[in-house]
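Topology and contacts: notes
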Amino acid sequence: LVERFSWLLDIFGLLLLYAAVKLMTDGEDEDEDTPAAATAVRLLKRVLPVTERFSKDDAFFLRDPKSGRLVGTPLLVSLVAVEACDVVFALDSIPAIFSL
């Protein structure tokens, strides 16, 4: 199976090398979001309005009292950011699994 998809390992290897070079050249800034999380949160905010309010009854979505529209809560934003990082980590781990 690995021989059949060996070309895919080259692509993932290049992805890992690109990520390593980018990490070495950009430096480390604790306040900076990961690109995947920032992109996912921007997409979420483009599709669904997000409020700053919390509710003890509704975890991810609220109804806006003024417009009656469904809006996302800060917990939804954090869930999307964590899951976006999880997907990037999973994609980054594929070459390591195939090389075992």
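The paragraphs below set out a description of the structure included in this document. (Residues numbered from 1 in each chain as written. Predicted model: local features only at pLDDT ≥ 70, side-chain atom pairs only at ≥ 80, totals over all residues. Heavy atoms only, no water.)

**So, the overall build of the protein chain**
To be explicit about the condition: Put simply, DSSP marks the helices as runs of H or I at least four residues long and the strands as runs of E at least two long, and each gets a number from the N terminus on. Only protein chains enter the calculation, and the probe is 1.4 Å; a residue is then buried if its accessible area is under 20% of its type maximum, exposed if over 50%, and partly exposed in between. Here the Shrake-Rupley method, with its probe set to 1.4 Å, supplies the accessible areas, and only the displayed protein chains count as covering residues.
Within the protein chain one finds 3 helices and 2 strands. The order of α-helices and β-strands along the protein chain, N terminus first, is α-α-β-β-α. Counting every position in the protein chain, which comprises 100 residues, the buried fraction comes to 17%. With the model as given, the accessible surface of the protein chain reaches about 8,200 Å², and the carbon-plus-sulfur share is 63%.

**So, a nonpolar patch on the surface**
This is how it is decided: Patch criteria: residues need more than 30% relative accessible area and no salt bridge. Like-charged residues are merged within 9 Å; nonpolar side chains of Val, Leu, Ile, Met, Phe, Trp and Tyr are merged within 5 Å. Take a side-chain nitrogen of Lys or Arg and a carboxyl oxygen of Asp or Glu: if they are within 4 Å of each other, that pair is a salt bridge.
Together, Phe60, Phe61, Leu70, Leu75 and Leu79 make up an exposed nonpolar region whose accessible area comes to about 400 Å². Note that Leu70 resides in strand S2 (residues 70–72).

**Some remarks on the nonpolar core**
Filter applied, for reference: In this description, a nonpolar core means a group of buried Ala, Val, Leu, Ile, Met, Phe, Trp, Tyr and Cys residues linked to one another through side-chain atoms lying within 4.5 Å. Note on contacts: a residue pair is in contact if any heavy atoms of the two residues lie within 4.5 Å.
Core analysis: the largest hydrophobic core is formed by 7 residues, namely Ala37, Val41, Leu44, Leu48, Leu76, Val77 and Ala81. Put simply, the parts of the chain that give this core at least two residues each are helix H2 (35–47) and helix H3 (74–98). Beyond its immediate chain neighbours, meaning those up to four positions away, Leu44 contacts Leu76, Val77 and Val80.

**Describing the side chain of Thr51**
Considering the arrangement of structural elements, one finds Thr51 in the loop between H2 and strand S1 (61–63). Using a relative accessible area of 16% as the deciding quantity, one classes Thr51 as buried. If sequence neighbours within four positions are ignored, Thr51 has contacts with Leu62, Val71, Gly72, Thr73 and Pro74.

**A few points about the environment of Ala37**
You can see Ala37 is positioned in helix H2. The exposure class of Ala37 is buried, given its relative accessible area of 10%.

**Observations concerning the side chain of Thr73**
As for its position among the elements, Thr73 is in the loop between S2 and H3. For Thr73, a relative accessible area of 1% corresponds to the buried category. Excluding its chain neighbours within four sequence positions, the residues that come into contact with Thr73 are Val50, Thr51, Arg53, Asp58, Ala59, Phe60, Phe61 and Leu62.

**Let's talk about the environment of Val71**
Among the structural elements, Val71 can be located in strand S2. A C-alpha to C-alpha distance of 5.1 Å links Val71 and Pro49, two positions 22 residues apart in sequence. Apart from residues lying up to four places away in sequence, Val71 is in contact with Leu48, Pro49, Thr51, Phe60, Phe61, Leu62 and Asp64.

**Some words on the environment of Ala19**
Among the secondary structure elements, Ala19 is positioned in helix H1 (residues 6–26). Along the backbone, Ala19 and Asp92 are 73 residues apart, and their C-alpha atoms lie at a distance of 9.3 Å.

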